[in-house]
Amino acid sequence: MRDLAGGFGHLLAGQRWVFRHGRWLGFGLLPGLVSLVLYAGALIGLGYGADDLTAWATPFADDWSSPWPGLFRGFLTALVFCLGLFLAVITFTAVTLLIGQPFYESLSEQVDRGEGGEVPESGLSLGRELWISARDSVRVLVRVLCYGILLFALGFVPVIGQTVIPVIGFCVSGYFLTEELTAVALQRRRVELRERLGMLRARRMMALGFGVPLVLAFLVPLVAVFLMPGAVAGATLMARELAGEDEPEAAEGAQGPAAGGGAGEQAGAGGFGPPPPAYS
């Protein structure tokens, strides 16, 4: 439970950080606004064209007696739109981070600088960083889609599908959202995707404490845009703990309350040593 509270503490600490540094809040809003416009346009287009798409894909229903063609195609239209909305939710963060790579890199570096110590730098060109970010985002998206298909199928199981499965779905979404956000800071530390996922598995409750509340908040329109800068800042603080950089502070705070963003936990838990060498 301490890790769960610690993850949520990092999320709150990140939001406090950007509100204390208003210039960085405005700076970090720009990529989210661009993504919002792109996704809004795509969803509006899907809303107008989904019925034509389902009619084109189901010519066999033309010969059905009324009202079955309308009901069947209406159901498929709603399903197509829901699928598009689901894809928008699970890809919004990845696309926003990709669009805003220079913005969020600068914000993350500023958080590191404010925490003291050396500010890690990847030493890679912007093009190389964008390629690595896009490649890793696709890999994460494939994992999310696999889980999504499985959970969608299990959603038809009576009782469990309407109670347990949605909870698991939010946990899966929160876990991978945390991975996407911590990647901004961990990529600068030359930590590859496999190692990042290993770090989060070792601190799974912390990842859920950070990501699940964020997923729930992102369900409210426009909230994702305004929370993204603080989410990146909080993920940077969390990445510092995952990488063991805040271990002295964590050891000192171990006897204090857990509300300090999980500082009471050993930052190096899970047996992770120094970050691996450069990307392949």
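Values in this document were obtained by computation on a predicted structure and should not be read as measured data. (Residues numbered from 1 in each chain as written. Predicted model: local features only at pLDDT ≥ 70, side-chain atom pairs only at ≥ 80, totals over all residues. Heavy atoms only, no water.)

> What is the right way to look at the overall build of the protein chain in this model?
Of regular secondary structure, the protein chain possesses 10 helices and zero strands. Secondary structure elements of the protein chain, listed N to C terminal, follow the sequence α-α-α-α-α-α-α-α-α-α. Looking at the protein chain as a whole, 43% of its 280 residues are labelled buried. Across the protein chain, contacts joining residues at least 24 apart in sequence account for 79% of those joining residues at least 6 apart. (Helix = DSSP H or I, 4+ residues; strand = E, 2+ residues; numbered from the N terminus. Buried < 20%, exposed > 50% of the residue type's maximum accessible area, 1.4 Å probe, protein only. Contact = heavy atoms within 4.5 Å.)

> What exactly am I supposed to notice about the nonpolar core here?
Leu 181, Leu 214 and Val 232 are the most contacted members of the largest nonpolar core, which has 51 residues in total. Among the elements that take part in this core, helix α9 (residues 223–242) stands out by supplying 11 residues, more than any other. Setting aside anything within four residues of it in sequence, one finds Leu 181 in contact with Thr 93, Leu 97, Phe 210, Leu 214, Met 228, Ala 231, Val 232 and Ala 235. (Core = buried A, V, L, I, M, F, W, Y, C linked by side-chain atoms within 4.5 Å.)

> In this structure, what is going on with a positive patch on the surface? I would like to understand it.
Residues Arg 143, Arg 194, Arg 201 and Arg 204 make up a contiguous surface patch of positive charge. Position of Arg 204 among the secondary structure elements: in helix α8 (residues 204–218). The exposure class assigned to Arg 204 is partly exposed, which follows from its relative accessible area of 43%. (Patch = residues over 30% accessible without salt bridge, like charges linked within 9 Å, V, L, I, M, F, W, Y side chains within 5 Å. Areas by Shrake-Rupley, 256 points an atom, 1.4 Å probe, with all protein chains shown as cover. Salt bridge = Lys/Arg side-chain N within 4 Å of Asp/Glu carboxyl O. Lys, Arg positive; Asp, Glu negative; His and termini not counted. Charge placed at Lys NZ, Arg CZ, Asp CG, Glu CD.)

No statement about biological role is implied by the geometric values presented.
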